[in-house]
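An overview of the molecular structure
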Amino acid sequence: MTSIIHFFILIPLLGFLVSLLLPPKNEVVISRSAIFTVGLQLLTAVVFCAYWLFQHTPTIEVKDFSLFSSPGYEFLITFYFDGITAVYLLVGAFLSFLVTIYSRAYLHREAGYKRFFNTVLFFYLGYNVVILSGNFETLFVGWEILGISSFLLIAFYRDRYLPVKNAIKVFSVYRIGDLGLILAMWASHHLWHENITFLKLSNHELVHEHLQNHSWVGIFISLMILLAAAAKSAQLPFSAWLPRAMEGPTPSSAIFYGSLSVHFGAFLLLRTFPFWEEQTSVRILIALLGIITSAIATPIARVQSSVKSQIAYASIAQIGLIFVEIAAGLEVIALIHFAGNAFLRTYQLLVSPSVVSYLIREQFYNYVPRQHTFEDSLPKKLEYTVYLLSLKEWNLDSFMNHIVWKPLRRVGRKLDFLTHNRLLMLFVPTFLLALIAYNFQDKLSAQSHLYLPILFAAIGLLMVLKSYSERKSPQMSWLLLIMNHFWVALAISFNEHFILEEVLFYLSGVVIAGGVGYACLRRLKLLEPKVDLNQFAGHVYEHPKLTLVFLLAAMGLMGFPITPTFIGEDLVFSHIHEDQIVLAFLCSIGFVFEGIAIVRIYGRVFLGPHTKHYHETAYRSS
């Protein structure tokens, strides 16, 4: 029975790899390959779940293999199957199968036909890794696959301004969720002193024993899990990303942002429920968040002029209620609600083009007077206030911009005096001096050992923020991101004994990916008269191969799953002590915003309307 679990990962993985090799012009072969992959997954899931039910629903754990191990550290891949997994597996397989069939005709003669099915299968691979994950590390692998594939799907119409802009915006919010998950994993390692599996997490006595003496650590982990869940499921204050994600093709909007991807916050809460079920304050907070989100998203959905945005906010409101059900311990009701909401939103989004077309024609022949609604019974001032706030979507975008993005850009712009040459002249000698100090660290005081790691991590974070706000040189922005990893490695080396093999393994991925990415930018600079970050340049038009190589380098540098950088970043946190929360925050914020800065470079240099006006210019929105 355990061996079949592997097939749920292997089938979408092999389907994705095969789809990469298919000829881009042959739509029939591409679509049939994708339909066969997802159809086989659905058939396997139905047969397996029927057998699993016949066997009285046993909980299955499969400890597979270790990606990397060193003294005191192991990155273990583990899979887990229970009732929650079964529901998500069946719903995901069935809806993906329907949407894949729908996409075959919907995307006929689209320039990116093959690219769409490649990305959908890649997304579906990440989906299965998440729902079958047996520990936080495995879940984070799938979580990262979902993030980058979401970006690629939203920016599918890569010659248009708004899809690319909104793809970067959505990816940025996803990275905030990554911050919560990274810190939850770090604190969890120190609480359990191992890579805790979800099977052990469901052991009530074990959880109670550990939290009895570490209650504040438990609350911190729960709050970070809630942060990740709220960002992924578009709960307040992150709700504005979901309607922006609808800029992609309608099938991808239906299957991922209407039904599957947006419910992963609920999945994370369901999976970790045994950990925080005894923390009453956390349960109240989750319920309040769900109620407030639902109360605000419902009127926003009622005033939207776009059918996709209306469905998005309606889905957010329902997920808010699912959060309330999970907080109340109603797991079965939450799973039924998830399945119902997923099916409904998929159906609504798939039929929305036809419904809109029908209503546009019908309004000329049949007039339907406005119906009396609940809001009409409210005092007029309150009614108009709610209406205007809902029309402006409660300024959630502006709120996030003023609270998060603008302050960080402001810090980065304080470093505008740094040019390419000044950067090398200032920071390379400083780094060499730090290396010399590292060789003589036995002679340093205890206070130096306490504050130097924080100082070096802060320097790395400043480099990331400077890269994030850089407008002139993509090459300098890229160099700053490479240097961040070196400063983090140095900070951890001062913090505790970071053996040479671990450092080399971590930085090998950074050097290779960073070098390839820098070479791509240098090559583009030779080919194009002007390359900057002031606007979207759309160089994918004339340099598609260079764009692909740079995308692979970008994924390697930001720590895409299974790369040395990804494992190295996890390795870094294993060397940060539980009382060094400032150092953990600096490193995690640096890694998270580095990913945003990398995607920003990729988007502004290679995507969007082309700067050369003799190319066809698309509409701003899809």
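All values reported here derive from a predicted model rather than from experimental measurement.

Another point: the overall build of the protein chain. When its secondary structure is counted, the protein chain shows 24 helices and 2 strands. The C-alpha radius of gyration computed for the protein chain amounts to 25 Å, which stays within 12% of the reference 25 Å derived for 622 residues, consistent with globular compactness. Along the first, second and third principal axes, the C-alpha atoms of the protein chain reach 85 × 70 × 60 Å. Contacts in the protein chain between residues at least 24 apart in sequence constitute 80% of all its contacts with a sequence separation of at least 6. Working note: accessible area of the protein chain is about 26,700 Å², and carbon and sulfur atoms make up 66% of it.

Here we take up a positive patch on the surface. A surface patch of like charges, here positive, comprises K406, R410, R413, K414 and R471. As for its position among the elements, K406 is in helix α17 (residues 396-413).

With that settled, consider the packing of helix α13 (residues 280-302) against helix α14 (residues 307-327). Contact geometry of α13 with α14 gives a least axis separation of 7 Å together with a crossing angle of 160 degrees. Comparing the axis directions of α13 and α14 gives the class roughly antiparallel. Crossing geometry of α13 relative to α14 is assigned as left-handed. In contact with R283, I286, A287, L289, G290, I291, T293, S294, A297, T298, I300 and A301 of α13, α14 contributes Q310, Y313, A314, I316, A317, G320, L321, F323, V324 and A327.

Right, let's talk about the environment of V130 for a bit. Mapped onto the elements, V130 comes out in helix α4 (residues 113-132). V130 gets classed as buried once you look at its relative accessible area, which sits at 0%. Each C-alpha atom of the pair V130 and G142 lies 4.8 Å from the other, and the pair is 12 residues apart in sequence. Ignoring any residue separated from it by four or fewer positions in sequence, one finds V130 in contact with L139, G142, W143, L146, F264 and F267.

Taken together, F7, L10, L14, L17, L20 and L21 make up a surface patch of nonpolar side chains, about 600 Å² in accessible area. Considering the arrangement of structural elements, one finds L14 in helix α1 (residues 2-21).

Working definition: an aromatic ring pair is given by the centre-to-centre distance plus the angle between the planes. Counting across every chain of the model gives 33 aromatic pairs. Note on Y88 and F267: the rings are 5.0 Å apart at their centroids and 70 degrees apart in plane angle, and the pair reads as edge-to-face. Of the two residues, Y88 sits in helix α3 (residues 83-106) while F267 sits in helix α12 (residues 264-276), which places them 179 residues apart along the sequence. By the burial criterion, Y88 is buried, and F267 matches it. Relative to F536, the ring of Y161 has its centre 5.6 Å away and its plane inclined at 75 degrees; by these criteria the two rings are edge-to-face. Note that Y161 is positioned in helix α6 (residues 161-192) and F536 in the loop between α21 (500-527) and α22 (544-558), a separation of 375 residues in sequence. Given a relative accessible area of 23%, Y161 falls into the partly exposed group. An aromatic cluster is built from Y88, Y124, Y127, F264, F267 and F338, whose rings are joined through pairwise contacts. Here the guanidinium or amino end of R160 rests over the ring plane of Y157, the centre of that ring lying 4.5 Å away. The ring of F536 carries R604 above its face, with NZ or CZ at 5.2 Å from the centroid.

Within the largest apolar cluster, 211 residues are counted, with the highest numbers of intra-cluster contacts made by F81, Y88, W241, Y257 and W487. The leading source of residues in this core is α6, at 18 residues. Once residues lying within four places of it in the same chain are set aside, the contact partners of W487 are F427, T430, F431, A434, F456, I459, G460 and M463.

A few words on the environment of F431. Examined against the element boundaries, F431 turns out to sit in helix α18 (residues 420-439). Each C-alpha atom of the pair F431 and M483 lies 9.5 Å from the other, and the pair is 52 residues apart in sequence. With near-sequence residues (within four places) excluded, F431 lies in contact with F486, W487 and L490.

Along the polypeptide, Y347 turns up in helix α15 (residues 331-362). Considering only alpha carbons, one finds Y347 and I255, 92 residues apart in sequence, at a separation of 9.4 Å.

Per the stated rule, a full pass over the model turns up 9 salt bridges. A single salt-bridge network, built from bridges that share partners, covers K169, R244, E393 and D397.

Between helix α20 (residues 474-495) and α22, the shortest axis-to-axis distance is 11 Å and the interhelical angle comes to 30 degrees. When the axes of α20 and α22 are compared, the pair comes out roughly parallel. Crossing handedness for the pair α20 and α22: left-handed. In this structure, α20 uses W478, L481, I482 and H485 to contact α22, whose residues at the interface are F550, A553, A554 and L557.

About the thresholds
Residue positions are given per chain, counting from 1 as you read along its sequence in written order. Note on the predicted model: pLDDT of at least 70 is required for a residue's local features to be given, and 80 or more for side-chain atom pairs to be given and counted; whole-chain, interface and lining totals, by contrast, use all residues. Neither water nor hydrogens contribute to the side-chain values; these are computed over all heavy atoms in the structure. Strands are runs of DSSP state E lasting at least two residues, helices are runs of H or I lasting at least four, and both sets are numbered from the N terminus onward. Between the two quantities, the radius of gyration covers C-alpha atoms and the globule rule is 2.2 Å times the number of residues to the power 0.38. Whether two residues are in contact is decided by their heavy atoms, any of which lying within 4.5 Å being enough. Computed with the Shrake-Rupley method and a 1.4 Å probe, the accessible areas treat only the protein chains shown as cover for residues. Patch membership requires over 30% relative accessible area and the absence of a salt bridge. Like charges are linked within 9 Å, and nonpolar side chains (Val, Leu, Ile, Met, Phe, Trp, Tyr) within 5 Å. We define a salt bridge as a side-chain nitrogen of Lys or Arg found within 4 Å of a carboxyl oxygen belonging to Asp or Glu. Counted as positive: Lys and Arg. Counted as negative: Asp and Glu, with His and the chain ends omitted from the count. For charged residues, the charge sits on one atom: NZ in Lys, CZ in Arg, CG in Asp, CD in Glu. Orientation is described by lines fitted to C-alpha atoms, with helices fitted over the stretch in contact, and by angles between N-to-C directions that extend from 0 to 180 degrees. Convention used here: angles under 35 degrees read as roughly parallel, angles over 145 as roughly antiparallel, angles from 65 to 115 as roughly perpendicular, and any remaining angle as oblique. If you view the pair so one helix is near and one far, a crossing is left-handed when the near helix is turned anticlockwise from the far one by less than a right angle, and right-handed when it is turned clockwise. Burial status follows relative accessibility: with a 1.4 Å probe on protein chains alone, a residue under 20% of its type maximum counts as buried, one over 50% as exposed, and anything between as partly exposed. Pairing of aromatic side chains here covers Phe, Tyr and the six-membered ring of Trp, requires ring centres within 6.5 Å, and sorts the geometry by plane angle: under 30 degrees stacked, over 60 edge-to-face, intermediate tilted. Here, a charge over a ring is recorded when the distance from Lys NZ or Arg CZ to the ring centre is within 6 Å and its angle to the ring normal is within 35 degrees. As used in this record, nonpolar core signifies buried Ala, Val, Leu, Ile, Met, Phe, Trp, Tyr and Cys residues forming a set joined through side-chain atoms within 4.5 Å.

In short, shape yes, function no, at least from these values alone.
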